[in-house]
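The primary structure of each chain is shown beneath.
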Amino acid sequence: MTAVITPPAANPRTPVKRAGRRGGIAPPWLFAAPALVVYALVMLYPSIVGAGSAFTDWSGVGEQRSFVGLDNFQQLVKDDQALGALRNTLLLTLAIVVVQNGLGLLLALGVHTTIKSRMVLRVIFFAPVVVSPVMVSFLWKYVYNPAPDAGLNAVLNAVGLGSLRQDWLGNPSLAIWSVAFTVIWQCAGYSMVIFLAGLEGVPKELHESAMVDGAGTVARFRHITWPLLAPAVTINVMLSTVGGLTLFTQIIAMTNGGPGYATDTLSTVLYKQAFVYGKFGYSTAVALVLAIFVAAVSFIQIAYLRARETSA
Amino acid sequence: MASEIIRTPVSRRRLLQLMGGVAAAGALANCGGGNSSGNSGGPLKVIGAGSQEAGLRKALDEYKKQNGSFEFNLSFSPADQLQTALRAQLAAGNAPDLHAVYPGNGSAMSMVQLSKANLLADLSDQAWTQKIPAGFKGAYQQDGKTHIFSPGTSVLGAIYNKLAFAKAGVEIPTTWSELLTVCDTLKKKGIVPLALGAQTPWVTQLINYALVPGTVYAKQPDFDDKMAAGSATFAGSGWADAMNKYLELQKRGFFNDNPNGTTYEQATSMVGTGKAAMAVQVSAVLQAYRAAAPSPDDLGMFPLPATDVAADNWIPGGIVVGLSVSAKSKKADEARKFIEFCGQPAQINAWAEAVACVPLYSEGEAKVDPVLKPFLPYLSGDKAVPFMDQRWPNAEVQPTHFAVVQELLGGKTTVDKALKKMDDAYKKTA
Amino acid sequence: MRTGYRPRTLVLELVMIAAAVAFLFPVYALVTLAFKDPGQIANRPLSLPDPPSTESFGSAWQSASLGSALLNSTLITVTSVIVLIVLGSLAAYFLARQAGRLSYSLYILFLVGIILPFQLGMIPLYQLVNDLGLLGTYQGMILFYTGIQLPFTVFLYTGFIRSLPADYTNAALIDGASHLQAFVHVIFPLLRPITGTVLILNAVHIWNDFFTPLLYLGGSGRETVPVRVFAFVNEYTSDYGLVAAGLVLAALPILLVFLVLQRYVIRGFSSGLKG
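Computed from a prediction, not measured in an experiment: that's the story for all the values here. (Residues numbered from 1 in each chain as written. Chains lettered and ligands numbered in written order. Predicted model: local features only at pLDDT ≥ 70, side-chain atom pairs only at ≥ 80, totals over all residues. Heavy atoms only, no water.)

Draft legend 1. Molecular detail of the overall build of chain A. Across its full length, chain A holds 13 helices and zero strands. Overall, chain A shows an N-to-C arrangement of helices and strands of α-α-α-α-α-α-α-α-α-α-α-α-α. Its C-alpha atoms give chain A principal-axis dimensions of about 70 × 65 × 30 Å. Put simply, of all contacts in chain A between residues at least 6 apart along the chain, 65% involve residues at least 24 apart. Of the roughly 12,900 Å² of accessible surface on chain A, a fraction of 67% belongs to carbon and sulfur atoms. Counting 20 positive and 13 negative side-chain charges, chain A places the centres of these two groups 11 Å from one another. (Helix = DSSP H or I, 4+ residues; strand = E, 2+ residues; numbered from the N terminus. Contact = heavy atoms within 4.5 Å. Areas by Shrake-Rupley, 256 points an atom, 1.4 Å probe, with all protein chains shown as cover. Lys, Arg positive; Asp, Glu negative; His and termini not counted. Charge placed at Lys NZ, Arg CZ, Asp CG, Glu CD.)

Right, dumping it as structure tokens:
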């Protein structure tokens, strides 16, 4: 939709502007100026300055810092703790993306029916999203009490599943999945809402004509619903991926990266290096690597998912 | 969303102008335009550690009573927030006038690390600094200058529930073998012998800290100097003995189930209610333990015997978290006057009593919590070792210690590998 | 959505209700904890409080000075959200309508903010705010949140505006309106669904934020609710009841706002997706 619109000569305030491809006349760039100024001041400028310390040996306090070039990055490649953290980061993200969105989809499908309690259910499932992550962590730490007669273990016992009782946060092999589950619990409602929005966009007529043709529930889902949910899938997968890769608060609050190093991720290592070990310069190097990694994954995802969307 | 060649020339030019403006604002900020850091007028800003609240608050209130015009703004942070928030303030040059600092070395907020970065004022001209015992100079001083005030020492031992002991008919053990027997008897009576809340990182170190004075320092009092010089390592020392004893307690089932999943609060509650008989802890937590018990007198404390040779059983006694004056404070004089006040014998006694520690020095009878009496002979007999982290050269060794203990308890590593990790961390440059 | 309520639907309803109950278990644990006294907490952790006691709530409110904390949080959150909506929608309008490599690059520049780790700029930003004399002030926090949340806000608004047909503004402009007038009278009202989403998502994040208010407002008397509540969680205290009561009090306001706005949230999401 391109058109050049000449405003009436009587109003000299509106200069001639060429129409953009998206149609419509673009407003003056002044509209974007205040936002840009604040954003650049608060995020861009400090990040660039901060990134500079990745090339120093700054401890985080005091004046002593000397330029060390790429030393921090070389050290990072050899750092066992960081490599283990990378593995945990990837595992955690995978679990979150798959389960949180799977659960969200199931919840959305269940709520998007004629059941009477759907309005209430929507609120209930979304409510944890609204609670502070630190709060959720404390809450779940209490629930994950390993004593057989407390918290989750007590509930399992009460419903006859006593043999499933675990040391949720203390077992090094289990801890990271326990943390993942907490995050999934908190954010499944978020995925649900986005899927719900997507489901609203599936025209009823398609389902009705398919039903007339004799298609069952599963078939209808596969051929009608699922392809049309592509945009919702895109948003959900992208958001949960970035969220998973940069997850920090819940891990520190629940396990501090332990037991041992079992739940350390790149974000927790980053934090510890900066504030606990007194190695701020090195931690910034980790931060830069993490940022680049997240950006790369996001761009790859966006390309793949957008292609999928348009082919649907 | 393909790129579009049509552009408004005006907007590009103006955009670059805008970027220039942002850069200029940035440069201005760097030159320190506007309010400079620290506060020159107004109340004295104090940030303390949660664990010193009782004593610090009392001292400030008392000082204000005696100096009507004194104004202060006090807030507290738990230990992990101290690391981050306070360090960020120090980094930006905006530290409070008085803030919590850990004695000695070994942590990012320790006296040595901060004084090396020239962030702490020199307090050496104050009277109380002359009373620092030789054995504790390392906790207070760097290069001969005193940078931190602390009211005294806390000790590390076994807090025990007297009722639980009575129920099982056991007495306080004085040797390692006796300890094992006591635990065995308690276990048979269905009481958890030792409550261990290893999910909370700082709890993991305590049993080792209780054993190492006996297994290492009793025979090698200058162990820290040797390590600093490179002629001793964790791996080749009595640390291995301590770690093995730690694991032996676990193997024999003397801990509660799932120590790695049990928090400090849960362990406290176990001992307070009598479900567990003992917990190895610092004396500073006595308040919390007493609050968890039906009656505060249910609890006592005794030194944990590390060996079977009574003379070798030393105790850990560490200077408690203290207070320093920020080197960049604009109210340094006022802050120092307050510290001078805290250094007076009456004040030291008051603070020490509030946080259940042994006063740094006392004129006359030391007012000490009766529960701590068994420890005094060790302190006066020079059989006390400062908490080990206070002599470690960088901030990474202690968190490594926490992590490897959790790994050991979880069966994910061996004592040799654990000690090697600690040695590797020790060697890293600060 | 299929029509009709059949036996199968009843089964689904029961399953969903069971899922909701399971989902709410942790919340149940928290709320009952807040209503118990220390004795009940130790001995009967899972059952309903009997009798319920509001003692923890009173202590929590007092020790954390929650009244003033609520005022601080509300002031900061409301102002920040308003500024975000104004700046974000204006910028998004430009980015959505202005074609060209420059505006696209600008859009990407904003998006970068979504993935930047906060630790990178944390210290320099703290120094900057300090140098501007805004530490410990409401303005400082509002400036911070505006900057940090703009990328996400711009992202949401831009996507939505792109889906709006251009005829509306064209008509207004032909009639002689200025760009600002066209925006205020034509475009912005159309943005209502997405504004609802922007509002609630930003408000939740700002209200619950803990670390930055701790850093910037600690000791200033203007602390927000999370900072004051988590001050309970000291190294040595075991008072779970107090912490739980504090947490419940801290979460209530934002939950209430959400309840009121939740219809807009979901509508906002769905309109955003259709575009």
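The structure having been displayed, the exposition proceeds.
Draft legend 2. Summary view of the interface of chain A and chain B. Listed per partner, the contact involves 36 residues of chain A and 42 residues of chain B. Carbon and sulfur atoms supply 60% of the area buried between chain A and chain B, which totals about 3,500 Å² over both sides. Where chain A touches chain B, the interface holds four residue pairs in polar contact (both at pLDDT 80 or more). At the level of elements, helix 1 (33–52) and helix 12 (266–275) of chain A are the ones that each hand at least two residues to the side of chain A that touches chain B. The biggest single contributor to the side of chain A that touches chain B is helix 1 of chain A, with four residues. Taken together, the residues of the side of chain A that touches chain B sort by class into 18 nonpolar, 12 polar and six charged. (Buried area = accessible area lost by both parts, 1.4 Å probe. Polar contact = N/O pair within 3.5 Å; in protein donor to acceptor, adjacent residues only side chain to side chain. Nonpolar A, V, L, I, M, F, W, Y, C, P; charged D, E, K, R; others polar.)

Draft legend 3. The arrangement of the domain arrangement of chain B in detail. Residues and elements named next belong to chain B. You can read the domains of chain B as domain 1 (12–153 + 320–368) and domain 2 (154–317 + 386–426). In this structure, domain 1 and domain 2 have C-alpha centres spaced 30 Å apart. Across the boundary between the two partners, domain 1 contributes 16 residues, which contact 13 residues of domain 2. For domain 1, the biggest contributors to the area lost against domain 2 are N105, G106 and A356; these three give 39% of the whole. Linking domain 1 to domain 2 there are zero salt bridges. The tally of links from domain 1 across to domain 2 stands at five residue pairs in polar contact (both at pLDDT 80 or more). (Domains from an automatic or database assignment. Salt bridge = Lys/Arg side-chain N within 4 Å of Asp/Glu carboxyl O.)

Draft legend 4. Fine view of the state of the cysteines. For the coordinates displayed, the defined rule picks out zero disulfides over all chains. Of all cysteine sulfurs, the one in B:C342 lies closest to B:C357, which takes part in no disulfide; the gap is 13 Å. (Disulfide = S-S within 2.5 Å.)

Draft legend 5. Summary view of the pairing of strand 10 (residues 315–319) of chain B. Residues and elements named next belong to chain B. In terms of residue burial, strand 10 counts as a mostly covered element, since five of its five residues are buried. Of the two faces of strand 10, the one holding I315, G317 and I319 and the one holding P316 and G318 are both buried throughout. Inspection of the sheet shows strand 6 (residues 152–161) paired to strand 10 by three bridges, in the antiparallel sense. Bridge pairing in strand 10 places S154 opposite G318. Two strands pair when backbone bridges link them, and strand 10 and strand 13 (residues 384–385) are joined in this way by two bridges, in the parallel orientation. (Buried < 20%, exposed > 50% of the residue type's maximum accessible area, 1.4 Å probe, protein only. Pairing = 2+ DSSP bridges.)

Draft legend 6. Molecular detail of the interface of chain A and chain C. Opposite the 93 residues of chain A that make contact, chain C presents 88 residues. For the chain A and chain C pair, buried surface summed over both sides reaches about 8,500 Å², with 79% attributable to carbon and sulfur atoms. Applying the counting criterion to the chain A and chain C interface returns zero salt bridges. Linking chain A with chain C are six residue pairs in polar contact (both at pLDDT 80 or more), by the criterion used here. Broken down by element, the side of chain A that touches chain C gets its largest block of residues, 15 residues, from helix 1 of chain A. Here the residues of the side of chain A that touches chain C are counted per class, giving 65 nonpolar, 19 polar and nine charged.

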